[in-house]
Amino acid sequence: MTTSTLTLPDGRALEYVEGGDPAGVPTLVHHGTPGGPVLDPGWESSARQHGLRLVLAARPGYAGSTRHPGRRVADVVADTVALADHLGVDRFVTWGWSGGGPHALACAAVLPGRVVAAATLAGVAPYDAEGLDFMEGMGEGNIEEFGLALEGEEALRPLAQEQGAAMADVTPAELAEAMAPHLTPVDAAEITGPGTIGATLAAQTRTGFATGVDGWVDDDLMFTRPWGCSLADIRVPVLLLQGRQDAMVPFGHGQWLAGQLDGVVDARLTEEDGHLTLVTRRLPEVFAWLRGRWDAATG
């Protein structure tokens, strides 16, 4: 992996990391909440096999990316355009996991001339979504977190600072313990198992919190507000994955999003998947789908 920093048109810094196939299909990645610019070795290996060049940028307030207070989901579009232009990339595919899912969808909605296809894995639905109870089915940790976010930054920040400090140099085992209130048994087994996702999540957390918890605070506040773009504007193919064994982003979010994306979505809603299994077991499937959509669109 190579890490770089781009100066955006408004003067903010944007830290990003690249991996996978350097000559492959440009694939812009949106990390989860909280997160940071770290790529899992398994993601990189699979990306090379499918001919994808992964580029993961830290959202504002994470790692070396300058904070952008009051940001909306749709604000990711301008940063993504600046990054793509910097990389010399005209068209690209994009995917996001968890808190990154809405950002991939925003790029698809606003940039149909540049985004060829998008994938969202356990992506969060809008808080104000009609017919959706946003927190129904969430683990107790997420319910507390979003409850504070609804009260505002002053209420939320102490929790983020306390938990951020505890995770500043967290190990995979410690992260698994800290995440326990957010995990179903399916996901708990993934983070403590022999794979790399526990180490990757710990590294993402350490890197993401290197300059503080502003990114996490702003993500949570952002998810309780309107996105600033419309799902109805999406005209490019979308792959949507969601598992019923997910206590971080409940199954209902995936069902609601699939209903809104009728006509463009390939919705794969499973009974057996959790939050983490989508990136520990299903990512080769996602990469194959993205590569297929790219090949179909570009000939």
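Given the structure is predicted, the values throughout are model-derived calculations rather than measurements.

Trainee: How do you make sense of the pairing of strand 2 (residues 13-20) when you look at a structure like this?
Mentor: For a regular strand, the rule is simple: side chains alternate between the two faces of the sheet. Across the eight residues of strand 2, eight count as buried, placing the element largely inside the fold. As judged from the six bridges shared by strand 1 (residues 2-7) and strand 2, these two strands associate in the antiparallel manner. Following the sheet pairing, Thr-3 is matched in strand 2 by Val-17. Connecting strand 1 to the next strand, strand 2, in antiparallel fashion are five residues, including Gly-11 with a positive phi near 95°. Bridge count for strand 2 against strand 4 (residues 52-57) is five bridges, and the pairing is antiparallel. When the bridges of strand 4 are listed, Gly-20 appears paired with Arg-53.

Trainee: Whenever I open this one, the packing of aromatic side chains confuses me. Can you help?
Mentor: Each aromatic ring pair is described using two quantities: the centre-to-centre distance and the angle formed by the ring planes. A full pass over the atoms with the stated rule returns six aromatic pairs. Aromatic pair Phe-134 and Phe-146: ring centres 5.2 Å apart, planes at 85°, arrangement edge-to-face. A residue pair is termed long-range when its members are at least 10 positions apart, and Phe-134 in the loop between strand 6 (115-121) and helix 4 (140-151) and Phe-146 in helix 4 qualify at 12 residues. One exposure class covers both Phe-134 and Phe-146, and it is buried. Put simply, the rings of Trp-43, Trp-95, Trp-97 and Phe-287 touch in pairs and so form one group of aromatic residues.

Trainee: Can you walk me through the layout of surface pockets in this structure?
Mentor: Empty space among the atoms becomes apparent when a probe as large as a water molecule is rolled across them. By volume, the largest pocket is sized at about 620 Å³. Lining of the largest pocket is provided by 34 residues; of these, Thr-33, Pro-34, Met-179, His-182 and Met-248 occupy positions nearest its centre. Looking at the lining of the largest pocket, the element that brings in the most residues is helix 4, giving six residues. Per-class residue counts for the lining of the largest pocket are 17 nonpolar, 12 polar and five charged. One number sums up the size of the second largest pocket: a volume of about 190 Å³. Forming the boundary of the second largest pocket are 15 residues, of which Asp-40, Gly-42, Thr-196, Val-279 and Thr-280 lie nearest the centre.

Conventions and cut-offs
- Residues numbered from 1 in each chain as written.
- Predicted model: local features only at pLDDT ≥ 70, side-chain atom pairs only at ≥ 80, totals over all residues.
- Heavy atoms only, no water.
- Buried < 20%, exposed > 50% of the residue type's maximum accessible area, 1.4 Å probe, protein only.
- Helix = DSSP H or I, 4+ residues; strand = E, 2+ residues; numbered from the N terminus.
- Pairing = 2+ DSSP bridges.
- Phe/Tyr/Trp six-rings, centres within 6.5 Å; stacked < 30°, edge-to-face > 60°.
- 1 Å grid on protein atoms, 1.4 Å probe; cavity = no way out; pocket = protein on both sides within 12 Å on 5 of 7 lines; lining within 4 Å.
- Points joined across faces, edges and corners; volume = space filled by probe spheres on them.
- Nonpolar A, V, L, I, M, F, W, Y, C, P; charged D, E, K, R; others polar.

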